Amino acid sequence: MRKAVIPAAGLGTRFLPATKAMPKEMLPVVDKPAIQYVVEEAVRAGLTDVVMITGRNKRALEDHFDREPFLEQTLAAKGDHAKLAAVQESSSLADLHYLRQGDPKGLGHAVLRARAHVGDEPFAVLLGDDLIDEHDGVLEEMARIQDLTGGSVVALMEVEPEQISSYGCADIAASEVGGPLRIRGLVEKPEPSRAPSNLAVIGRYVLHPRVFDVLEQTPPGRGGEIQLTDALQTLAVSEGEGSGVYGVIFRGRRYDTGDKLSYLKAVMTVALERDDTGPGLREWLKGVLTPTN
Ligand code: UTP
């Protein structure tokens, strides 16, 4: 597997007004935009052909991964090699391609836009606003399960039952001990009382290209959007080449940078772990969190 699709064309309404003129994927997690962590994760998993699905107001994404000659010359002239390296790093990470979604008609619609680029091979999807801790990679294991089963694979995370209505939810079939976890059904954002499990689908997928045929036939679902979850539900219950959906349970740290609280947790966690910001932030937090009287 060489190709990754990163959908980043959503409107980011949960982060308004910050996202009125700026993509939510450009919100910084300390000093790097969230989207750079996602591209770095793809590259670490060997996915060096990356197609990003963008839309209006998303030019900053392309600019961030492009060269910036004037800035580079200025930093070189000053002899500021550390900053120069940081500026150059994002423009040499991967072979990046961009496609516009047109109208943001849902995640399934965004993925379908990548059909011509991906062709007839399995590919990964990494949501541009979903951040997975760099120590907790999951894509390699998902690629292994895809190779083993020939189907499609989703990353699952256990969540508190009351949180399941924010996610797609997986209904797991009984499986052999140690064997791949087969999914027999997926429901998009169910009410907790109707959820088949507390296993939430998070923003990493390894998909068989048959998903494109299914997406072409998938009518708008929840919210009037073409849902990737609905297409996966069809694949889960179909037969033949490329059918079947499997889950890999992710137990590491993951943040939804499109959600305010989760974004703040991502920033704090990364900042606390870094040598340049960690000690100062920890000291300050102690003061803020310690009652004074
Ligand atoms: P979200 O539902 O989290 O994104 O989609 P959103 O619509 O931007 O968020 P809110 O609810 O308005 O704040 C998950 C991922 O799918 C992409 C988003 O960019 C995000 O990475 N997406 C969603 C698209 O690329 N196109 C769409 O039409 C919808």
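What this report covers is the structure whose coordinates are included nearby. (Residues numbered from 1 in each chain as written. Predicted model: local features only at pLDDT ≥ 70, side-chain atom pairs only at ≥ 80, totals over all residues. Heavy atoms only, no water.)

**A short note on the site of the ligand**
Then, in step 1: Taken together, 19 residues lie around the ligand, and G12, T13, R14, Q101 and G106 are the ones closest in.
Then, in step 2: Within the side chain of K24, one N or O atom sits 3.0 Å away from an oxygen atom of the ligand.
Then, in step 3: Here an oxygen atom of the ligand and a side-chain polar atom of D129 are 3.3 Å apart.
Then, in step 4: Taken by itself the ligand offers 570 Å² of open surface, and the protein chains cover 84% of this.
Then, in step 5: Taken together, the residues of the shell around the ligand break down into eight nonpolar, six polar and five charged. (Near = heavy atom within 4 Å. Polar contact = N/O pair within 3.5 Å; in protein donor to acceptor, adjacent residues only side chain to side chain. Areas by Shrake-Rupley, 256 points an atom, 1.4 Å probe, with all protein chains shown as cover. Nonpolar A, V, L, I, M, F, W, Y, C, P; charged D, E, K, R; others polar.)

**Quick word on helix α8 (residues 210–217)**
Then, in step 1: For α8, the set of buried residues is V211, F212, V214 and L215. Take α8 and look down its axis: the buried residues cluster within an arc of 165 degrees, on one side only.
Then, in step 2: Where α8 is buried, its residues contact α5 (107–112), α6 (115–118), β6 (123–126), β11 (199–207) and α9 (228–236). (Buried < 20%, exposed > 50% of the residue type's maximum accessible area, 1.4 Å probe, protein only. Helix = DSSP H or I, 4+ residues; strand = E, 2+ residues; numbered from the N terminus. Arc of directions from axis to C-beta. Contact = heavy atoms within 4.5 Å.)

**Digging into the pairing of β6**
Then, in step 1: Of the two faces of β6, the one carrying F123 and V125 and the one carrying A124 and L126 are both buried.
Then, in step 2: Bridge count for strand β1 (residues 3–7) against β6 is two bridges, and the pairing is parallel. Residue pairing across strands places A4 opposite A124, the latter belonging to β6.
Then, in step 3: Examined bridge by bridge, β6 and β11 share four bridges and lie antiparallel to one another. Residue pairing for β11: V125 is matched across the bridge by Y205. (Pairing = 2+ DSSP bridges.)

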